[in-house]
Amino acid sequence: MQERTKCSCGNGCHFDFFEKRLSYCFRVFARYVSFRPWTFIVLPVLVTIGLSFGGFYLDHNSDAVYLYTPVNAPSKVEQQLFYDVWESGNEARATPGRTVIDYGLAHVIVTAKDHTNILKVETTADAIAFNEYIVHNISITAGGNEYRYVDLCMKWKNRCHENNQIAILSAIYHKPTPYAKLTYPRFSYHHVRYYIGSALGDVHVDQETGEVRDAGAWLLVYQLSHKTPTESALGIQWLEELEAHLLNFKHPTLEVTFSHSQTLSSEMSKNGLYLAPKIPITFAVLIIYTLLCTVTLMWKSRIPWVDWTRSTPWLAFAGVIGAGMGVSTTIGLLSLCGVQFCEVISAMPFLVVCKYSAVCTSSDVADVVSCFC
């Protein structure tokens, strides 16, 4: 009996079980398409147009913590534990200095424009006026009602934190008494110790007396209530209004810098707004690029002629358009299915279209065909 030959990589055996069947399926499909070309041109265009309207239902999500950390991350559990223990959400016992989670929180750093002592009388007066402007003048309108900081703040003992430490510390600095001297980072007032390490910055202390000689910055804290979704939404709107005012803030003696709980999310949204207008320009440039790269020239009597036998500009053009249709259809379909849209995904069209344009400008037939696979 003849011994059965064992297959190995070197004796010509092929593992093409799936390849043969896939080739047969593609051959049948290609024959079917060749007899009905307009069906496979018009139908994808109509589907793309229809599903692209799903873009009107985009649900943006720019929460950096949600997007870049696992849902059940240990850090979130630990953060929630700190939040519960310190009771930051309980307004009866909450203080802005003990906030662990920065929801609805804004920090504003105030410095003197000439980089001198922020505790000077005139500079302190300007800082107090600036704080009063934020607390009482910056407002938003929602549902026909006007809301200011005093309406949205997290209250402690039924009062907002309005950064009254500016006037108190400045008064102690200029008029110290045996019962109240401004030392750092703690000072005593009528035998009660207070911590002011986070209220002042760039502090210089007299080495002999321990009293503050000068300081370079005030840290102002604005804490908004976020117990309910409505309060959170109003707080975000007020923080955005605060940002708009501070970006345009100009003062002869003060300089301000700020950050708030929506700063990172806002910057992520700006990336999307920056990239979106450039998508049509990118498509136009890539179409021109692919057309030029797939045109083959031949010379006759020192005159260049297009060799239409080897040139495939329309195939490359269709590849770029197909990639764009795929991006538009995908975004629209996922939006209709309720999938949230992350601003970082705004870079996706550039990556997809550039990839397909690079493949479709290849001279390899297999690479060109892969544009449509």
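Residues numbered from 1 in each chain as written. Predicted model: local features only at pLDDT ≥ 70, side-chain atom pairs only at ≥ 80, totals over all residues. Heavy atoms only, no water.

A. Representation of the overall build of the protein chain within the structure. Along the backbone of the protein chain there are 13 helices and 17 strands. Within the protein chain, the proportion of its 373 residues that are buried is 30%. Summarising the internal contacts of the protein chain: among those between residues at least 6 apart in sequence, 63% fall at separations of at least 24. (Helix = DSSP H or I, 4+ residues; strand = E, 2+ residues; numbered from the N terminus. Buried < 20%, exposed > 50% of the residue type's maximum accessible area, 1.4 Å probe, protein only. Contact = heavy atoms within 4.5 Å.)

B. Representation of the UniProt feature "transmembrane region" (unreviewed entry) in the protein chain. This chain's UniProt record puts "transmembrane region" (unreviewed entry) on residues 38-58, 279-299 and 314-339. Helix and strand shares over residues 314-339 are 88% and 0% respectively, and the end C-alpha atoms of the span are 35 Å apart. (UniProt positions renumbered as here; feature names shortened; annotations may be inferred.)

C. Quick peek at the sheet that holds strand E9 (residues 192-195). Read across the open sheet, the three strands follow the order E7-E8-E9; overall the sheet is antiparallel. Both edges of this open sheet fall to strand E7 (180-181) and E9, since each of them pairs with a single strand only. Examined bridge by bridge, strand E8 (residues 186-189) and E9 share four bridges and lie antiparallel to one another. For Arg186, the partnering residue across the bridge sits in E9 and is Tyr195. (Pairing = 2+ DSSP bridges.)

D. Structural context of the state of the cysteines. Scanning the entire structure with this criterion turns up one disulfide. The disulfide that involves Cys153 links it to Cys160, with 1.6 Å between the sulfurs. The chirality of the disulfide connecting Cys153 with Cys160 is left-handed, given an S-S dihedral of about -50°. The pair formed by Cys153 and Cys160 is uniform in burial state, with each residue classed as buried. (Disulfide = S-S within 2.5 Å.)

E. The side chain of Asn163, seen in detail. Examined against the element boundaries, Asn163 turns out to sit in the loop between strand E6 (159-160) and helix H7 (165-174). From its side chain, Asn163 meets the backbone nitrogen of Val221 in a polar contact 3.0 Å long. Discounting residues that sit within four places of it in the chain, Asn163 has contacts with Asn131, Leu219, Leu220, Val221 and Tyr222. (Polar contact = N/O pair within 3.5 Å; in protein donor to acceptor, adjacent residues only side chain to side chain.)

F. Structural detail: the packing of helix H5 (residues 121-136) against helix H8 (residues 229-247). Remark: H5 packs on H8, axes separated minimally by 11 Å, with the N-to-C direction vectors making an angle of 140°. Viewed along their axes, H5 and H8 form a crossing whose handedness is right-handed. Taken together, the residues of H8 that come into contact with H5 (itself represented by Phe130, Tyr133 and Ile134) are Trp238, Leu242, His245 and Leu246. (Axes fitted to C-alpha atoms, helices over the stretch in contact; angles between N-to-C directions. Left-handed = near helix turned anticlockwise from the far one by under 90°.)

G. Local environment of the packing of aromatic side chains. The tally for this structure, following the rule as stated, stands at eight aromatic pairs. Here Phe53 and Phe56 contribute two aromatic rings whose centre-to-centre distance is 6.0 Å and whose plane-to-plane angle is 25°, an arrangement assigned as stacked. Each member of the aromatic cluster is reached from another via a ring pair, and the members are Phe29, Tyr32 and Phe40. (Phe/Tyr/Trp six-rings, centres within 6.5 Å; stacked < 30°, edge-to-face > 60°.)

H. Region of interest: H8. Relative to the 27 Å expected for 19 residues at 1.5 Å per residue, H8 spans 27 Å between its end C-alpha atoms, a close match to the ideal helical length. Of the residues making up H8, those classed as buried are Leu234, Gly235, Trp238, Leu239, Leu242, Glu243 and Leu246. (Expected span 1.5 Å × (residues − 1).)

I. Fine view of the packing of H5 against H7. Where H5 meets H7, the axes come as close as 10 Å, and the angle between the chain directions of the two elements is 170°. Between H5 and H7, the crossing angle belongs to the class labelled roughly antiparallel. Facing H5, whose interface residues are Val121, Thr124, Ala127, Ile128 and Asn131, H7 presents Ile166, Ala167, Ser170 and His174. The class makeup of the residues in the contact of H5 with H7 is five nonpolar, four polar and no charged. (Parallel < 35°, antiparallel > 145°, perpendicular 65-115°, else oblique. Nonpolar A, V, L, I, M, F, W, Y, C, P; charged D, E, K, R; others polar.)

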